[in-house]
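Next come the chains, spelled out residue by residue.
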Amino acid sequence: MQRVILKDKTFVPYITSDKILESVKHMAQKINLDLEKEMPLFLVILNGSFMFAADLLKEVTIPCEISFIKLASYHGTSSTGTVTEMIGLTEEIKGRTVVVVEDIVDTGVTLEKLAILLAKKEVKQMKVASFLLKPDAYKKSIVVDYVGMEIPNAFVVGYGLDYDGLGRNMKDIFVLDK
Ligand code: 5GP
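Keep in mind the model is a prediction, meaning the values are calculated, not measured.

A. Inspection of the overall build of the chain at higher detail. Scanning the chain for helices and strands turns up three helices and ten strands. Beginning at the N terminus, the succession of helices and strands in the chain can be written as β-β-α-β-α-β-β-β-α-β-β-β-β. Relative to a compact globule of 178 residues, whose C-alpha radius of gyration would be 16 Å, the chain shows 16 Å and is just as compact. Burial analysis of the chain (178 residues in total) assigns 49% to the buried set. Restricting to contacts in the chain with at least 6 residues of sequence separation, those with at least 24 account for 68%. Summed over its atoms, the accessible surface of the chain is roughly 9200 Å², and 51% of this surface lies on carbon and sulfur atoms. Looking at the chain, you have 22 positive and 24 negative side-chain charges, and the mean spots of the two groups are 2 Å apart.

B. Local environment of the nonpolar core. Core analysis: the biggest nonpolar cluster contains 32 residues, and Ile-31, Leu-56, Phe-131 and Leu-132 have the highest contact counts within it. Counting only elements with at least two residues in this core, the list comes to β2 (9–15), α1 (17–34), β3 (41–46), α2 (50–59), β6 (97–105), β7 (125–133), β8 (146–150) and β10 (173–176). Not counting residues up to four positions away in its chain, the partners in contact with Ile-31 are Glu-36, Phe-42, Leu-56, Val-60, Ile-62, Ala-129 and Tyr-146. In this structure, Leu-41, Val-105, Val-123 and Val-144 belong to the second largest nonpolar core, which totals 19 residues.

C. Spatial organisation of the site of the ligand. Around the ligand, a shell composed of 18 residues is seen, among which Thr-107, Gly-108, Thr-110, Val-156 and Asp-162 lie nearest. A distance of 2.9 Å is found between an oxygen atom of the ligand and a backbone nitrogen or oxygen belonging to Asp-106. Taking Val-156, its main chain carries an N or O atom lying 2.7 Å from a nitrogen atom of the ligand. Relative to its unbound accessible area of 500 Å², the ligand is 92% covered by the protein chains. Breaking the shell around the ligand down by element, the ones donating at least two residues are β4 (65–75), β6 and α3 (109–120).

Parameters at a glance
- Residues numbered from 1 in each chain as written.
- Predicted model: local features only at pLDDT ≥ 70, side-chain atom pairs only at ≥ 80, totals over all residues.
- Heavy atoms only, no water.
- Helix = DSSP H or I, 4+ residues; strand = E, 2+ residues; numbered from the N terminus.
- Rg over C-alpha atoms; globule rule 2.2 N^0.38 Å.
- Buried < 20%, exposed > 50% of the residue type's maximum accessible area, 1.4 Å probe, protein only.
- Contact = heavy atoms within 4.5 Å.
- Areas by Shrake-Rupley, 256 points an atom, 1.4 Å probe, with all protein chains shown as cover.
- Lys, Arg positive; Asp, Glu negative; His and termini not counted.
- Charge placed at Lys NZ, Arg CZ, Asp CG, Glu CD.
- Core = buried A, V, L, I, M, F, W, Y, C linked by side-chain atoms within 4.5 Å.
- Near = heavy atom within 4 Å.
- Polar contact = N/O pair within 3.5 Å; in protein donor to acceptor, adjacent residues only side chain to side chain.

Printed below as a string of structure tokens:
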């Protein structure tokens, strides 16, 4: 794998597509076992989660529904700490088991905002499936039930994650070169 340049930054190979898919399969297997009787609603957080969600949900074999919501908390390479809901929820989710599908959990601000939103809608329970988790940056207490991989505090792109709009289409994950 080659390093990639996106605008003013250079990124180096970090997690290969093969490793990603292996770990996504494991996540789906756990979800299939845990939520078999729940008929969960998977709530995919756009934009970054689209690739992960597609891979995950191809491996989820239990009866389920899938919906999408768009939030934003990032500008450039650091979190702004505020979250804006851009596309709202239209489904009736009261009493449902909702599985939030996130690309990455960093500070947890986005997750907390979602937890409040879902609690207001009186869901039965919220589960969280995030492909990546940065444990050193995570400041919240909400449990991330399904994690693909834990990574240190670094800025990554690819597999749906972007740097200023670029890099989302790469099937491998790259990390910012120091
Ligand atoms: P949090 O609210 O947990 O701080 O951040 C969550 C959102 O920030 C993620 O859904 C993602 O869009 C963005 N984000 C966090 N860390 C990274 C990263 O390393 N790379 C990219 N491209 N986006 C990130």
